[in-house]
Amino acid sequence: MTETDGGRGPEVSAPAQCRSDAPVLVLRNATKSFGAVRALIDGSIELYAGEAHALLGENGAGKSTMVKILGGVHHPDSGVLLLDGEPITLAGPSAARIAGIAIIYQEPTLFPDLSVAENIFMGRQPLRTGRRIDRKEMNEHVREICDRLGVKIDPDQAARGMSVADQQIVEIAKALSFNAKVIVMDEPTAALSAREVERLFDVVRTLRASGAAVLFISHRLEEVFEICQRITIMRDGAFVMSAPADEMNVDAIIHSMVGRDLETMFVKSGATVGAEVLRVERLTREGVFTDISFAVRAGEIVGLAGLVGAGRSEIARAIFGIDDYDAGKVFLNGDELQARSPTAAIAAGVGLVPEDRRQQGLVMDMAIDQNVALASLSRLERLGIIRRSAEQELAADWAVRLRLKYGRLKNPVATLSGGNQQKAVLAKWLARHPSLLIIDEPTRGIDVGTKAEVHRLLDELAGQGVAVLMISSELPEVLGMADRVLVLREGRLVAELDRAEADEASIMRAATGQLAGTPL
Amino acid sequence: MTIASAVGELAPAPRPAPTPGRVWDIVLRARELGILVVIFAVFGGTTIYNSSFASSASVQQLLAGASIYALLGVGETIVIITRNVDLSVGSVLGLSAYVVGEVFLHNPNFPVPLAFLVGIGVGVVCGVVNGAIVAVARVPSLVVTLGTLYLIRGVDALVVNGVQIDPSSIPGGFIGVGVNNILGVPWIFVITAVVVLVVGYAMRTFRSNRDLYAIGSNPAAAELAGVPVRKRVFWAFVFSGAIAGLGGALWLAQFATVASTAGSGYELIVVSGVVVGGVAIFGGSGTVLGAALGPLLLNTINQALVAARISAFWNQAIAGGLLIAAIAFDRFVSLRRERNLRLRRAARGA
């Protein structure tokens, strides 16, 4: 298949007839918007029986939206879905399942309290006389499926306490019990160890051999080449190219995934770098991140790059004292942060702008001024009573400084647009004059205009001597804003790049484990 | 490009030793057994102190006293398993007891089995109201049943309106169910045991009942699995109401007199008993047998204190302590498991 998005990227065309048989599933030109955000502009893919097909793209390329369309969770605004050549509309998740499409999400959706067998057969348990559940038969079925998959799982075991790998196997077993023709795996290996990945791949090979079409989403290119016969690449919500795996190489893939013009919208004045503000030494949280050491100096913006699930936000949470860590130390302005709590971190001059504004950054029902004043209350109270006038004064001051667009400061913060909500979160911390600002996905869900303002703000802050640790999945943002880039992969710091040597390809290589000639 | 110098050059970061977590799986599964052991321990200990505690009359009193709580616990469990709660059971019991008494007051020859059906019917009506508001209007059950707790109590007071039901107006055959024994075992205990066994079996055996566990364990996944969530929740409330209605009839048979306060405060005793019995307050797990044993344990402790001549004040304090201990235990077990899982994964991923 040779569909492309009209020459925006490099085209690698597959031979016109690479297989004689027709595809099991075809999605063509699917689009999906959420409000003003166009999550999917051109979702197209063809899946063949007995083939594992890799779907690749950066974070936010539209892969997950496409998966949810195949799973019947989202309904495409336009586009065609063909199953065995017949057009089909999926009314919901159960319709997708009946049609023979099974989705294995990154986080398995099991019943933690119930047994493996019941998880697989919920609502469809085999019956004996009197419509009673035949547990023997049910467990026998599970053993059969496990044998077919070549795995050993006790059907009576409760799902709670199983490893993510085993839970995925249960999900796959569920798909098999439905006789699914198409099995979609959304980043199944993200949380698995090397041995578990091997087992999963054996299972995938078994599925292929039995004639199922497998759609495999992964950021690890070596895995893609090991298991997949065909590769489709997406970028910015649109189909870029599709080709057999043996006609592709790592360079071509990364180029297709990234290949966009470097945006020139970033203001970067290059502040003078001062004393060390944050030093992290060998920070470890078992199973989440390991042996992380780095420093951020005053006036410096350090970008923390990596794929989703690489442990970026988790490190931020540990520094801020939300999550405990098992080993390592955090120093602020030379002093070790002893008490591991947000209160201690705030007192030491840290501010955290979290990834999820609505849930973690703001109290949505509270007024704008109250939200802005929230971190500064100890300064605003007199005899333990918060002075409303002081709150309003503080908020009004920062609203002007950050050019906040609002109706009245007394309105709930929920009335603000996404970008202005982000400014309100920033104002909350800036009012405390922090020495270190940790900002997680600074411009997620923000319109382009306000995005530039947030970037300008970060640059100004650095100019004033604030140390900024910026987590971002948007590579242009990292490259445009950061003085240094730290790249995380699977909970480990794998590369530290200077502004001069960092580019999209070098970051993506490190983040996906494709460092040429470097043993990891 | 420079590779971060920390990688590979220094020794690996210190790693806490993983602890095995298998023992706890077994402990958790044997919850019912654990409660039985505690019941017998309390019973044995008290008997050593006061041998009359093991007399047949004392044991009968123990079993009869726990029966209605245990019965209500069965209905409550079905609701709690779906991640809901029914706080109206005490009020439903009171209304049912009064309505049955009223029936006898006007028809002294009313057939005894039908009287029980009347009680169940009253409960079903109340359960339909609860279930409809929770499942159809999607109002949190805590609020709905807190409302119906007072509402039904108010209806009860209105209906009672000062009319006292006393033993003289209730047929002896009916009272016999509440106070007589069969082969030395109180009838009321036998009825409760039969309900526990039948419902316990049904909860294990039928698809629709496994749906209840699925709903409480992971509501979103239950929807994805095609479980008719609202329908199941509705019938769970109807069932709990029916059981509370049956409890009301048994209550009348046991005490032969009803005032408008009958059964008030039962809901909290029942919920605590059920939680002590190992039913997770957030749904998804627990058995009917455990839910029946919880109230039996509380009642055994209660009676033991009386036999040991310890102030009744301790009674409630111990019930409360036990409840907190049970929840703390569950929390402890789940935190431990979570940690073990993380460590095991880390060990394997290394």
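In this text the structure is predicted, and so the values were computed from the model without any measurement.

**Q** Help me understand the overall build of chain B, please; the structure alone is not making it clear to me.
**A** Looking only at helices and strands, chain B has 15 helices and 2 strands in total. Classification of the 350 residues of chain B by burial places 49% in the buried group. Contacts in chain B between residues far apart in sequence, at least 24 positions, make up 79% of those at least 6 positions apart. Per element, the accessible surface of chain B, about 15,900 Å² overall, is 70% carbon and sulfur.

**Q** Just to check I follow, could you spell out the side chain of threonine 205 of chain B for this structure?
**A** Tracing the chain through its elements places threonine 205 of chain B in helix H9 (residues 187–205). Its relative accessible area of 5% is what places threonine 205 of chain B among the buried residues. Within the structure, threonine 205 of chain B has its side chain in polar contact with the backbone oxygen of tyrosine 201 of chain B (distance 2.4 Å). Residues within four places of threonine 205 of chain B in sequence aside, it is in contact with Arg131, Arg132 and Ile133 of chain A.

**Q** Help me out: how do you make sense of the sheet that holds strand E21 (residues 436–440) of chain A in this one?
**A** The pairing of strands in a sheet comes from backbone hydrogen bonds and takes either a parallel or an antiparallel form. Residue and element names in this part refer to chain A. The strand order E18-E21-E22-E15-E23-E24 describes an open sheet built from 6 strands, whose pairing is mixed. Bordering the open sheet on either side are strand E18 (350–353) and strand E24 (492–498), each of which pairs with just one other strand. Averaged over all neighbouring strand pairs, the angle between strand axes comes to 20 degrees, with direction disregarded. Bridging between E21 and strand E22 (residues 467–471) involves 5 bridges; their strand directions are parallel. Following the sheet pairing, isoleucine 439 is matched in E22 by methionine 470. Across the sheet, helix H9 (residues 312–319) touches strand E15 (301–306), E18, E21, E22 and strand E23 (484–489), and the angle it forms with E22 is around 145 degrees. Sheet contacts for helix H15 (residues 418–430): E18 and E21; angle to E18, the most-contacted strand, approximately 170 degrees.

**Q** Please explain the packing of aromatic side chains as it appears in this structure.
**A** Two aromatic rings, taken as a pair, are described by how far apart their centres are and by the angle between their planes. Considering all chains together, one arrives at 9 aromatic pairs over all chains under this definition. Taken together, the ring pairs in this structure connect Phe104, Phe110, Phe116 and Phe174 of chain B into an aromatic cluster. Geometry around phenylalanine 178 of chain A places arginine 124 of chain A over its ring, the cationic atom sitting 3.7 Å from the centre. Across from the ring centre of tryptophan 398 of chain A, 4.1 Å away, lies the NZ or CZ of arginine 401 of chain A, which sits over that ring.

**Q** Hey, could you run me through empty space enclosed by the protein in this one?
**A** If you roll a probe as big as a water molecule over the atoms, it shows you where there is empty space left. All names here are of chain A. Applying the stated criterion across every chain yields a total of 4 cavities of 30 Å³ or more. Taken together, 15 residues make up the lining of the largest cavity; nearest its centre are Ala190, His219, Arg220, Leu307 and Val308. The residue inventory of the lining of the largest cavity, partitioned by class, reads 7 nonpolar, 4 polar and 4 charged. When residues of the lining of the largest cavity are sorted by domain, at least three fall in each of domain 1 (30–113 + 173–258) and domain 2 (262–349 + 435–520).

**Q** Could you clarify how one ought to interpret the sheet that holds strand E13 (residues 276–285) of chain A in this entry?
**A** Residues and elements named next belong to chain A. The sheet built from 4 strands is open, its strands ordered E14-E13-E16-E17 with antiparallel pairing. Of all the strands in the sheet, the pair left with one neighbour each is strand E14 (289–297) and strand E17 (335–336). The pairing of E13 with strand E16 (residues 327–332) spans 5 bridges and is antiparallel. In the strand pairing of E16, valine 280 is matched with valine 330. Running over the sheet, H9 touches E13, E14 and E16 and is turned about 70 degrees from E14.

**Q** I tried to follow the environment of glutamine 303 of chain B on my own but got confused; where do I start?
**A** Residue and element names in this part refer to chain B. With respect to the helices and strands, the residue glutamine 303 is situated in helix H14 (residues 288–307). Sequence separation of glutamine 303 and aspartate 330 is 27 residues, and the distance between their C-alpha atoms is 26 Å. Excluding residues that lie within four positions of it along the chain, glutamine 303 makes contacts with Phe53, Gln61 and Leu62.

**Q** Explain helix H1 (residues 63–70) of chain A to me, please; I cannot follow it from the model alone.
**A** Along an α-helix, a turn takes 3.6 residues, which lines up residues three or four apart on a common side. All names here are of chain A. Most of H1 is tucked away: 6 of the 8 residues are buried. When H1 is considered as a whole, its buried residues turn out to be Lys63, Thr65, Met66, Val67, Ile69 and Leu70. Glycine 72 occupies a position one or two residues after H1 and carries a positive phi of about 80 degrees.

**Q** How do you make sense of the nonpolar core when you look at a structure like this?
**A** Soluble, globular proteins show a tendency: their nonpolar side chains are buried together. Among the nonpolar cores identified, the biggest contains 77 residues, and Leu72, Phe174 and Leu252 of chain B are the most heavily contacted of them. Ranked by the residues each element gives to this core, the list is headed by helix H12 (residues 229–255) of chain B, at 14 residues. Filtering out sequence-adjacent residues up to four positions away, phenylalanine 174 of chain B remains in contact with Val100, Phe104, Val112, Ala115, Phe116, Ala249, Leu252 and Ala253 of chain B. Within the second largest apolar cluster, 72 residues are counted, among which are Val142, Ile183, Met241 and Ala510 of chain A.

**Q** Whenever I open this one, the packing of helix H5 (residues 89–106) of chain B against helix H7 (residues 141–160) of chain B confuses me. Can you help?
**A** Two measures define how a pair of helices packs: the angle their axes make with one another and the distance between the axes. Residues and elements named next belong to chain B. Relative to each other, H5 and H7 sit at 20 degrees, their axes nearing to 8 Å. As far as their axial angle goes, H7 and H5 are roughly parallel. Every pair of crossing elements has a handedness; the one defined by H5 and H7 is left-handed. Here Gly90, Ser91, Val92, Gly94, Leu95 and Tyr98 of H5 lie close against H7, whose contacting residues are Leu149, Ile152, Arg153, Val155, Asp156, Val159 and Val160. Within the contact of H5 with H7, the residues separate by chemical class into 8 nonpolar, 3 polar and 2 charged.

Scoring rules and cut-offs
- Residues numbered from 1 in each chain as written.
- Chains lettered and ligands numbered in written order.
- Predicted model: local features only at pLDDT ≥ 70, side-chain atom pairs only at ≥ 80, totals over all residues.
- Heavy atoms only, no water.
- Helix = DSSP H or I, 4+ residues; strand = E, 2+ residues; numbered from the N terminus.
- Buried < 20%, exposed > 50% of the residue type's maximum accessible area, 1.4 Å probe, protein only.
- Contact = heavy atoms within 4.5 Å.
- Areas by Shrake-Rupley, 256 points an atom, 1.4 Å probe, with all protein chains shown as cover.
- Polar contact = N/O pair within 3.5 Å; in protein donor to acceptor, adjacent residues only side chain to side chain.
- Pairing = 2+ DSSP bridges.
- Axes fitted to C-alpha atoms, helices over the stretch in contact; angles between N-to-C directions.
- Phe/Tyr/Trp six-rings, centres within 6.5 Å; stacked < 30°, edge-to-face > 60°.
- Lys NZ or Arg CZ within 6 Å of the ring centre and 35° of its normal.
- 1 Å grid on protein atoms, 1.4 Å probe; cavity = no way out; pocket = protein on both sides within 12 Å on 5 of 7 lines; lining within 4 Å.
- Points joined across faces, edges and corners; volume = space filled by probe spheres on them.
- Nonpolar A, V, L, I, M, F, W, Y, C, P; charged D, E, K, R; others polar.
- Domains from an automatic or database assignment.
- Core = buried A, V, L, I, M, F, W, Y, C linked by side-chain atoms within 4.5 Å.
- Parallel < 35°, antiparallel > 145°, perpendicular 65-115°, else oblique.
- Left-handed = near helix turned anticlockwise from the far one by under 90°.

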